[in-house]
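Notes for the structure review
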Amino acid sequence: MNGRVLVCANPKCRKRFYRPIGKIEKVKMSFCSRSCAASVNNSKFSKRKVKIKKCIYCNKEFKGDSEKYCSRECKDKAQTISKEEI
Ligand SMILES: [Zn+2]
Ligand SMILES: [Zn+2]
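Quick look at the structure, then. (Residues numbered from 1 in each chain as written. Chains lettered and ligands numbered in written order. Predicted model: local features only at pLDDT ≥ 70, side-chain atom pairs only at ≥ 80, totals over all residues. Heavy atoms only, no water.)

A separate point is the side chain of asparagine 10. Relative to the assigned elements, asparagine 10 resides in the loop between β1 (3-7) and β2 (16-20). Setting aside its immediate chain neighbours within four residues, asparagine 10 contacts Phe31, Cys36, Ser39 and Val40. (Helix = DSSP H or I, 4+ residues; strand = E, 2+ residues; numbered from the N terminus. Contact = heavy atoms within 4.5 Å.)

Here the focus is the coordination of the zinc ion (ligand 2). Coordination of the zinc ion (ligand 2) by the protein comes from Cys55 (SG), Cys58 (SG), Cys70 (SG) and Cys74 (SG), over a distance range of 2.3 to 2.4 Å. Taken together, the 4 donor atoms coordinating the zinc ion (ligand 2) and their angles of 105 to 114° define a geometry best described as tetrahedral. When the donors of the zinc ion (ligand 2) are listed by position in the chain, the intervening gaps give C-x2-C-x11-C-x3-C. Highlighted residues: cysteine 58 in the loop between β3 (52-54) and β4 (61-63) and cysteine 70 in the loop between β4 and α2 (72-85), separated in sequence by 12 residues. Cysteine 70 sits in the partly exposed class, given a relative accessible area of 24%. (Donors = N, O, S within 2.8 Å, 3.2 Å for Na, K, Ca; no water. Tetrahedral: all angles 85-135°; square planar, octahedral: opposite > 155°, others 65-115°. Buried < 20%, exposed > 50% of the residue type's maximum accessible area, 1.4 Å probe, protein only.)

Okay, structure coming up:
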């Protein structure tokens, strides 16, 4: 028997599984199944995707991708001010 018993890196699973040597990936995390790997990778990815930003108009923190303002109201107000200043 050439192999190792590994513990699934999915915290919700933690199943022990046998993996033959040579098939042990050189990664820190090993999973018993593809679905376990996918569930952990997906949760990481979704966490990474959410960014906390600060509204440049009211300084309120909000979650968003590309908008500089927490709401459409702030965007409108900020734009009306810059227009008035001009
Ligand atoms: Zn697992
Ligand atoms: Zn705002």
